[in-house]
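Descriptive analysis of the structure
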Amino acid sequence: MDPFLNSEPLSKSADHNHQLYIETVGCQMNMLDSELVVGAMRGGNYELTDDIGAADTILFNTCSVREHAEHKIYSQLGRIKYSKRTRPNLVIGVMGCMAQKDQEIIFERAPHVDIVVGTGQLAEIPRLIDETRENRQRQMAVSLGRRDGSRTQVAGSFESYDPLRDPEMRPSPYQAFVRIMIGCDKFCTYCVVPMTRGPEQSRSPSQITSEVRTLAGQGVKEVTLLGQTVNSYRHIEDGKEYRLADLLELIHDTDGIERIKFVTNYPKDMTLDLLQAVRDLPKVSRYLHVPAQSGCDEVLARMKRGYTVSDYREMMQRIHETVPDAAVSSDFIVGFCGETEESFELSMNLIREFRFKNSFIFKYSERPGTKADGLWPDDIPDDVKRRRNNEMLALQNEVSEEDNAEFIGREVEVLVEGLSKASEKRLAANPEAEDCHGDDASHKTQLVGRTDCDRIVVFDGNPRLAGSLTHIAVHDCSATTLLGSIVTRQLNHGLQVDLPVVS
Ligand code: 5AD
Ligand code: SF4
């Protein structure tokens with residue numbers, strides 16, 4: 001059951017007598033889960049704190065995709081192992097992918113943990129925390145393992161968690177993630193996600209469109225549709241089958257929504273009808289994240305990705321023919337079992353050939369329970385993985401820098417997200433500086449926005465521009481960022497003149 005339409009509005013109690021600290025690692029799906037859990041807790045008598053030492057409830061939202069992410073959580077847990085000596089009322093919880101994967105092991109490795117809650121049981125968290133504080137007994141809520149029942153039984157034990165939002169809890173008032181599906185059935189041999197997030201299940205179009213309308217009513221301008229393989233979306237409602245292209249069309253009609261993005265795509269499901277929807281629907285971002293993972297057919301076969309380099313090339317041709325201005329980004333794994341120097345060079349060639357806007361590059365991390373772990377040794381030494389990672393990163397940066405330079409001298413439209421990281425840091429160091437943003441409309445500070453093809457643009461402007469679409473003249477770039485200034489349009493004797501604002 002999807003609780004979105006059925007849940008009561010969250011009523012906020014003025015009397016916040018509990019302090020919740022939450023730490024999140026991992027993907028956008030985890031960020032959304034944390035936002036929703038915090039929203040639900042604040043609906044009770046919890047208030048968020050960023051001081052772990054002041055909290056009476058500590059939650060870790062975890063990731064298992066790479067071993068490093070798990071180590072990070074276990075060492076954070078280690079640091080608070082004696083906290084209950086001074087705070088006997090403290091409740092410590094581990095939620096998310098590592099909770100689903102490790103289950104009892106978490107209690108064994110960190111006996112001070114009180115609750116373990118998997119990705120499919122997040123709605124249980126507020127109740128489990130209250131009960132634990134009352135009876136001081138450990139609690140665990142996890143879903144079935146992939147082999148612990150029929151597909152329907154296992155799927156039923158993973159519930160999509162989509163309660164009504166607390167608008168204050170969104171990282172940005174203008175942007176929101178919307179989950180359209182959970183789980184994954186692709187079973188790439190290196191990946192733990194099909195185990196930690198369960199079978200692929202798509203939410204119904206009516207629930208998704210209703211959530212988007214609610215968000216638009218709260219001032220959201222940009223929605224990012226989330227799914228592990230978002231373009232595999234498939235749901236039958238009232239006898240009609242809906243795919244992602246249909247969903248984009250439905251959402252496109254929502255008043256107030258100006259941009260729609262979707263991540264992450266599976267190459268085999270990048271169909272022509274989806275690309276035509278991206279081409280024909282002006283609010284849909286011309287940005288496609290389609291991880292290639294490797295440029296070597298043998299490695300792709302061992303990864304069980306289900307496509308060859310030539311299939312991926314055909315997909316890229318389809319993208320460029322249908323949406324010529326689309327920006328494509330990728331993920332790569334380096335040092336996968338048996339990856340030779342030649343295989344690695346083939347991956348480098350893929351970056352040279354397709355000139356991805358950017359790539360996320362990961363060193364292979366052996367994950368217990370995956371096919372690769374059972375079949376092949378993790379035989380590439382760490383120093384080789386590191387070197388390949390650095391070489392690939394350097395190549396991708398070169399490509400990104402060169403392609404970003406093409407924008408210099410051009411004008412782009414950005415959705416303004418708010419203060420840039422540098423401005424945020426300055427503000428944190430000197431909070432009084434914020435006061436002058438209030439009424440002084442001429443005050444400028446460094447802002448950040450994104451183009452339709454997801455390029456980050458930094459420029460000076462008034463923070464009040466956040467949430468608006470603004471034109472920027474680009475005058476410089478780095479591998480990750482375009483730098484520019486706001487273009488103001490002025491009518492002069494009936495003639496339109498573009499004036500870049502000099503900062
Ligand atoms: N080791 C390294 N990277 C991995 N990814 C998934 N599983 C692993 C693993 N075991 C990467 C893939 C995926 C991204 C989210 O994480 O590139 O696209
Ligand atoms: Fe993991 Fe492959 Fe599913 Fe992506 S498609 S989540 S890499 S199993």
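1. Comments concerning the nonpolar core
Core analysis: the largest hydrophobic core is formed by 54 residues, its most contacted members being Val 223, Leu 225, Leu 244, Leu 248, Phe 262 and Ile 319. Here this core gathers at least three residues from each of two domains, domain 2 (170-285) and domain 3 (294-405). Non-local contacts of Phe 262, meaning those with residues more than four positions away in its chain, are made with Leu 225, Val 230, Leu 244, Leu 248, Leu 274, Val 278, Val 284 and Leu 288. One finds Tyr 46, Ile 115, Leu 122 and Leu 128 within the second-largest nonpolar core, a separate group that totals 26 residues.

2. Remarks on a positive patch on the surface
Where like charges cluster on the molecular surface, the positive patch consists of Arg 147, Lys 268, Lys 304 and Lys 371. Looking at the secondary structure, you find Lys 371 in helix 14 (residues 371-375). For Lys 371, a relative accessible area of 48% puts it in the partly exposed group.

3. So, the site of ligand 1
If you check the shell around ligand 1, you find Val 65, Arg 66, Tyr 190, Gln 293, Asp 331, Ile 333, Phe 362, Lys 363, Tyr 364, Ser 365 and Arg 367 and nothing else. Between an oxygen atom of ligand 1 and a side-chain N or O atom of Arg 66, the distance comes to 3.0 Å. Here a nitrogen atom of ligand 1 and a backbone polar atom of Ser 365 are 2.8 Å apart. Its free accessible area being 400 Å², ligand 1 has 85% of it covered by the protein chains. Broken down by secondary-structure element, the contributors of at least two residues to the shell around ligand 1 are strand 15 (327-334) and strand 16 (359-363).

4. Focus: the sheet that holds strand 7 (residues 175-179)
Strand order across the open sheet formed by three strands is 7-10-13, with parallel pairing between neighbours. Either end of the sheet is taken by a strand with one partner, and the two such strands are strand 7 and strand 13 (259-263). Across the sheet, the mean angle separating the axes of adjacent strands is 25° when strand polarity is ignored. Bridging between strand 10 (residues 222-226) and strand 13 involves five bridges; their strand directions are parallel. Across the sheet, residue Glu 222 finds its bridge partner in strand 13, namely Arg 259. Of the strands in this sheet, strand 10 and strand 13 are in contact with helix 9 (residues 244-252), which crosses strand 13 at around 155°.

5. Examining the site of ligand 2
In the vicinity of ligand 2, the residues found are Cys 184, Lys 186, Phe 187, Cys 188, Tyr 190, Cys 191, Val 193, Pro 194, Gln 228, Thr 229 and Arg 305. Of the residues contributing to the shell around ligand 2, the split by class is seven nonpolar, two polar and two charged.

6. Some points on the packing of helix 9 against helix 10 (residues 272-280)
Between helix 9 and helix 10, whose axes approach to 8 Å, the crossing angle comes to 20°. The angle between the axes of helix 9 and helix 10 places the two elements in the roughly parallel class. When the axes of helix 9 and helix 10 are compared, the crossing they make is left-handed. On the side of helix 9, the interface is formed by Leu 244, Ala 245 and Leu 248, while helix 10 contributes Asp 273, Leu 274 and Ala 277. For the contact of helix 9 with helix 10, the per-class residue count stands at five nonpolar, no polar and one charged.

7. Describing the domain arrangement of the protein
Along its sequence, the protein is carved into domain 1 (19-153), domain 2 (170-285), domain 3 (294-405) and domain 4 (411-500). If you average the C-alpha positions of domain 1 and of domain 3, the two centres end up 33 Å apart. Across the boundary between the two partners, domain 1 contributes six residues, which contact five residues of domain 3. If you sort the residues of domain 1 by the area they bury against domain 3, Arg 66, Glu 67 and Lys 101 come out on top, with a joint share of 78%. Residue Arg 367 pairs with Glu 70 through a salt bridge whose shortest N-O separation is 3.3 Å. Inspection of the region where domain 1 meets domain 3 yields three residue pairs in polar contact (both at pLDDT 80 or more). Partitioned by chemical class, the residues of the side of domain 1 that touches domain 3 number one nonpolar, one polar and four charged.

8. Comments concerning the pattern of salt bridges
Within this structure, the stated rule accounts for 38 salt bridges. We note a salt bridge from Asp 114 to Lys 84, for which the minimum N-O separation is 2.8 Å. Of the two residues, Asp 114 sits in the loop between helix 4 (104-109) and strand 5 (115-117) while Lys 84 sits in the loop between helix 2 (67-79) and strand 4 (91-96), which places them 30 residues apart along the sequence. Residue class for Asp 114 comes out buried when judged on its relative accessible area of 7%. Two residues, Asp 454 and Lys 357, come together in a salt bridge whose shortest N-O distance is 3.4 Å. Within this pair, whereas Asp 454 is found in the loop between strand 18 (445-451) and strand 19 (456-461), its partner Lys 357 is found in the loop between helix 13 (341-354) and strand 16, the two being separated by 97 residues in sequence. There is no split in this pair, since Asp 454 and Lys 357 are both buried. It is possible to trace a salt-bridge network through shared partners that takes in Asp 33, Glu 35, Asp 162, Arg 165, Arg 179, Arg 197, Arg 203 and Glu 211.

9. Describing a negative patch on the surface
Residues Asp 297, Glu 298, Asp 311 and Glu 314 make up a contiguous surface patch of negative charge. Those elements that provide at least two residues to the negative patch are helix 11 (297-303) and helix 12 (309-322). Among the secondary structure elements, Glu 298 is positioned in helix 11. Glu 298 sits in the exposed class, given a relative accessible area of 58%.

10. As for empty space enclosed by the protein
Where empty space is left becomes clear once a probe the size of a water molecule has been rolled over the atoms. Considering all chains together, one arrives at three cavities of 30 Å³ or more under this definition. Here the largest cavity defines a volume of roughly 60 Å³. Among the residues forming the lining of the largest cavity, the class breakdown is four nonpolar, three polar and four charged. For the lining of the largest cavity, the two domains that each supply at least three residues are domain 1 (19-153) and domain 2 (170-285).

Criteria and thresholds
- Sequence order as written defines residue numbering, which begins from 1 separately in each chain.
- As a convention, the first chain written is A and the first ligand written is 1, with the rest following in written order.
- Residues qualify for local features only when their pLDDT is at least 70, as the model is predicted, and side-chain atom pairs are given and counted only at 80 or more; totals for whole chains, interfaces and linings, by contrast, use all residues.
- The side-chain numbers reported here are obtained from all heavy atoms of the structure, hydrogens and water having been left aside.
- In plain words, nonpolar cores are sets of buried Ala, Val, Leu, Ile, Met, Phe, Trp, Tyr and Cys residues tied together by side-chain atoms within 4.5 Å.
- Relative accessible area decides the class of each residue, using a 1.4 Å probe on protein chains only: under 20% of the type maximum gives buried, over 50% gives exposed, and in between gives partly exposed.
- Where each domain starts and ends comes from a domain assignment, either automatic or drawn from a database.
- We call two residues in contact whenever any of their non-hydrogen atoms come within 4.5 Å of each other.
- Distance thresholds for patches are 9 Å for like charges and 5 Å for nonpolar side chains (Val, Leu, Ile, Met, Phe, Trp, Tyr), applied to residues having over 30% relative accessible area and no salt bridge.
- In this description, accessible areas are obtained by the Shrake-Rupley approach with a 1.4 Å probe, and a residue is regarded as covered only by the protein chains that are shown.
- Think of a salt bridge as a Lys or Arg side-chain nitrogen and an Asp or Glu carboxyl oxygen that are within 4 Å of each other.
- His is not counted, nor are the chain ends; Lys and Arg add positive charge and Asp and Glu add negative charge.
- By convention, charge coordinates are those of NZ in Lys, CZ in Arg, CG in Asp, or CD in Glu.
- Strands here mean DSSP runs of E at least two residues long; helices mean DSSP runs of H or I at least four residues long; both are numbered from the N terminus.
- In these notes, residues near a molecule or strand are those with any non-hydrogen atom within 4 Å of it.
- Polar contact is the term for a pair of N or O atoms within 3.5 Å; when the atoms are in protein, one must be able to donate a hydrogen and the other to accept it, and sequence-neighboring residues count only if both atoms are side-chain atoms.
- Two strands make a pair as long as DSSP finds a minimum of two bridges between them.
- For helices, the axis comes from a line fit to the C-alpha atoms of the stretch in contact; other axes are also lines fit to C-alpha atoms, and the angle between any two N-to-C directions lies between 0 and 180 degrees.
- Under the grouping applied here, Gly and all other residues not named as nonpolar or charged are polar, the nonpolar ones being Ala, Val, Leu, Ile, Met, Phe, Trp, Tyr, Cys and Pro and the charged ones Asp, Glu, Lys and Arg.
- An angle counts as roughly parallel when it lies under 35 degrees, as roughly antiparallel when it exceeds 145, as roughly perpendicular when it falls between 65 and 115, and as oblique in every other case.
- Crossing handedness: left-handed means the near helix sits turned counterclockwise from the far one by under a right angle, and right-handed means the same turn made clockwise.
- Accessible area that two parts lose when put together, evaluated with a 1.4 Å probe and summed over both, is termed the buried area.
- Any residue with an atom within 4 Å of a point lines the site, the site being either a cavity, points on a 1 Å grid over the protein atoms alone where a 1.4 Å probe fits but cannot get out, or a pocket, an open set with protein on both sides within 12 Å along at least 5 of 7 lines.
- Grid points are joined across faces, edges and corners, and a volume is the space filled by probe spheres set on the points.

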